[in-house]
Amino acid sequence: MQWQDEAIIIGVKRHGETSVVAEVMTRSRGRHLGLVRSGRSRSMQPVLQPGNRVEAVWRARLDEHLGEFKLEPLRLRAARLMEKATSVYAVQAMGALLRLLPERDPHPHLYEALDVILETMDDPTDAGELFIRFELAILNDLGYGLDLTECAATGSQQDLQYVSPKSGRAVCAEAGAPYADRLLALPAFLRDGATAAADALSMAAAFRLTGFFLHRHIYEPRGISENAARDGFVQAALKALALEEERRAG
């Protein structure tokens, strides 16, 4: 068995004295593991850093085997990603999200999203919004997508202000007003057709929104804890947004 594909490194584990098991997100074959012989060598260590894009050749006698990777660098951006707290935490947190998906299950749009997000992490003020949309895509692929396009009660697409914690559907201001204390806020930048960028308040609300549904549908039923890197990313992204707002105001 053999295949070749583009991939992004999301994790590495030591294997024996000189080798590692690399975990990658591939363009067309989903999350995949493989042994990299001499992966701890001086020449391979810079390549096997989370966030780097590589050309992967995987070989195994049978499809169900772990197999071996031959990896060639395409885009070495790990050093740049280490420069800011938002990108450091984002790489770890997105890797943890991808591990919620079945191994070897194709999700080409998530590969593309991951590559775009990692490429544009230079601006920490944009990082939060990109990450939120990645979490929404993960929820959707796991079968728990949110419907933020129209009001669950009236069918209206106007003045959507809330999200029902039960159904994951949007609720307009008029229908949701009597139950506002029991509904989740729908940040303006997530509404269908929105053009305004997120501010610190709406971003915090968006993190609460996706965090609620990840916990309810994924973490709690599976008996697992939320990855700590997400908390670090949330704090770093909100701080970056707040500092940018202060700069603009001053």
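Provided above is the structure to which this section pertains.
This section reports on the structure supplied with the text. (Residues numbered from 1 in each chain as written. Predicted model: local features only at pLDDT ≥ 70, side-chain atom pairs only at ≥ 80, totals over all residues. Heavy atoms only, no water.)

Moving on, we get to the environment of Ala56. With respect to the secondary-structure elements, Ala56 resides in strand β4 (residues 53–59). For the pair Ala56 and Glu68, spaced 12 residues apart in the sequence, the C-alpha separation amounts to 9.8 Å. Leaving out residues up to four positions away in the same chain, Ala56 has contacts with Trp3, Gln4, Asp5, Ala7, Phe69, Lys70 and Leu71. (Helix = DSSP H or I, 4+ residues; strand = E, 2+ residues; numbered from the N terminus. Contact = heavy atoms within 4.5 Å.)

Before going further, it helps to examine the pattern of salt bridges. Pairs can form between side chains of opposite charge whenever their charged atoms are close. On inspection of all chains with the given rule, the structure shows 17 salt bridges. For the salt bridge of Arg77 with Asp115, the shortest nitrogen-to-oxygen distance reads 2.6 Å. Taken together, the positions of Arg77 in the loop between β5 (68–75) and α1 (78–81) and Asp115 in helix α3 (residues 108–119) put the pair 38 residues apart, joining distant regions of the chain. Just as Arg77 is buried, Asp115 falls in that class too. For Glu135, the salt bridge is made with Arg230, and the minimal N-O distance between the two is 2.6 Å. One end of the pair, Glu135, is in helix α4 (residues 124–141); the other, Arg230, is in helix α7 (residues 228–249), with 95 residues separating them in the sequence. There is no split in this pair, since Glu135 and Arg230 are both buried. One connected set of salt bridges, linked through shared partners, spans Arg53, Arg75, Arg77, Asp115 and Glu119. (Salt bridge = Lys/Arg side-chain N within 4 Å of Asp/Glu carboxyl O. Buried < 20%, exposed > 50% of the residue type's maximum accessible area, 1.4 Å probe, protein only.)

Turning next to the packing of α3 against α4. At a minimum axis distance of 11 Å, the contact between α3 and α4 shows a crossing angle of 170 degrees. Classed by the angle they form, the pair α3 and α4 counts as roughly antiparallel. By crossing handedness, the relation of α3 to α4 is classed as left-handed. Two secondary-structure elements touch here, α3 through His109, Leu110, Ala113, Leu114 and Ile117 and α4 through Leu130, Phe134, Ala137, Ile138 and Asp141. (Axes fitted to C-alpha atoms, helices over the stretch in contact; angles between N-to-C directions. Parallel < 35°, antiparallel > 145°, perpendicular 65-115°, else oblique. Left-handed = near helix turned anticlockwise from the far one by under 90°.)

A separate point is the packing of helix α2 (residues 85–98) against α7. Where α2 contacts α7, the two axes come as close as 8 Å, and the packing angle between them is 150 degrees. In terms of orientation, α2 and α7 fall into the roughly antiparallel class. Like other packed secondary-structure pairs, α2 and α7 cross with a definite hand, here left-handed. Taken together, the residues of α7 that come into contact with α2 (itself represented by Ala85, Thr86, Tyr89, Ala90, Gln92 and Ala93) are Ala229, Arg230, Gly232, Phe233, Ala236 and Ala237.

Attention now goes to the sheet that holds strand β6 (residues 160–163). On the basis of which strands lie adjacent, the open sheet formed by 3 strands has the order β7-β6-β8 and antiparallel pairing. Of all the strands in the sheet, just β7 (170–172) and β8 (184–185) have a single pairing partner and so form its edges. Sheet topology note: the β6/β8 ladder contains 2 bridges and is antiparallel. Among the inter-strand pairings, Val163 is bridged to a residue of β8, identified as Leu184. (Pairing = 2+ DSSP bridges.)

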